[in-house]
Amino acid sequence: LCVFRRKKTLRQDSAIIHDINLFLIRGFFWSVLFIGLVDVAIAFLRVEKILIMLASEKVISLLNKPMFVGAYIHVPIFIFSFLLAGVTRTLGFIWLALLIVLAELFIVITRFVFSYEQPFMADLVRYWYAALFLFASAFTLYDEGHVRVDIVYAGLPSKTKGFLNSVGCLLLGLSTSLTIIIIAFNGKYSIINKPVMSFEVSQTGTVGMFVKYQLALFLGIFGITMAVQFVSYLLESVADYRGYPGKRIVTQETAH
């Protein structure tokens, strides 16, 4: 609704939409961080039979069921993550990238030094790696960090760039994002709805993490956050085309 308020400029509307997207991405970032740590810990206890010493047979049986882990462990963490996102102002993708490196390093050390490796270790790296690239894409668009093949574009005036970016947002960016969303969430047996509703896990079963259904959901999150960011980018590009003041300057360290 903020887009249609006449007291707001296009650049202000763009910034508001971008801030909304940042909140969504922050929430998803915190969720994959906490769920990854909690789920890999449960998987370790489950695989190494440590749960037998810590919990009753009923609790052990429940922790072996993806439906229980997803509904009563993952979902509360997911809700808490969005509450945390409301009071934090950092995306944390640099830290997530560092955690991926540390997790991979841990796998190398345990494999070649201690001859120990379990499927849940690779699951954690894959889980965080997918989140890093799919969740950070929208913020990378904001910083114009995606690779742009621009033999001519770089030398064009700001007004022409604004026009081209506006057309690109409509014909390429938003159309692609909406296509992903429509196909991904289209029907009960779609590529996202089916695994999410059943809390689908990988073929490794109880020796791996119970997060495969979330990997499917990541594709939908990617489409949604990119669509929102393209709307923000469209408004900013229209403002550039109309020559409105307050153009945001993107540093060369992030732009490509």
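Preceding this section is the structure that the text describes.
Residues numbered from 1 in each chain as written. Predicted model: local features only at pLDDT ≥ 70, side-chain atom pairs only at ≥ 80, totals over all residues. Heavy atoms only, no water.

A. Up close: the packing of helix α7 (residues 158-184) against helix α9 (residues 212-242). Look at α7 against α9: their axes get within 8 Å of each other, and the N-to-C directions meet at 160 degrees. Between α7 and α9, the angle is such that the two are roughly antiparallel. You can see that α7 and α9 cross each other, and the crossing is left-handed. Of the residues that constitute the contact of α7 with α9, the class distribution is 17 nonpolar, eight polar and two charged. (Axes fitted to C-alpha atoms, helices over the stretch in contact; angles between N-to-C directions. Helix = DSSP H or I, 4+ residues; strand = E, 2+ residues; numbered from the N terminus. Parallel < 35°, antiparallel > 145°, perpendicular 65-115°, else oblique. Left-handed = near helix turned anticlockwise from the far one by under 90°. Nonpolar A, V, L, I, M, F, W, Y, C, P; charged D, E, K, R; others polar.)

B. Representation of the environment of Phe 34 in the model. With respect to the secondary-structure elements, Phe 34 resides in helix α1 (residues 10-47). Given the relative accessible area of 24%, Phe 34 is considered partly exposed. With 44 residues separating them along the chain, Phe 34 and Phe 78 place their C-alpha atoms 8.5 Å apart. Dropping the residues within four chain positions of it, Phe 34 is found in contact with Ile 77, Phe 80, Ser 81 and Leu 84. (Buried < 20%, exposed > 50% of the residue type's maximum accessible area, 1.4 Å probe, protein only. Contact = heavy atoms within 4.5 Å.)

C. Geometry of the nonpolar core. Judged by nonpolar contacts, the single largest core of 50 residues is most densely connected at Phe 120, Tyr 127, Trp 128, Phe 135, Met 209 and Phe 218. Ranked by the residues each element gives to this core, the list is headed by helix α6 (residues 119-142), at twelve residues. Setting aside chain neighbours within four positions, we find Tyr 127 in contact with Ser 31, Val 32, Ile 35, Gly 36, Met 209, Val 211, Gln 214, Leu 215 and Phe 218. (Core = buried A, V, L, I, M, F, W, Y, C linked by side-chain atoms within 4.5 Å.)

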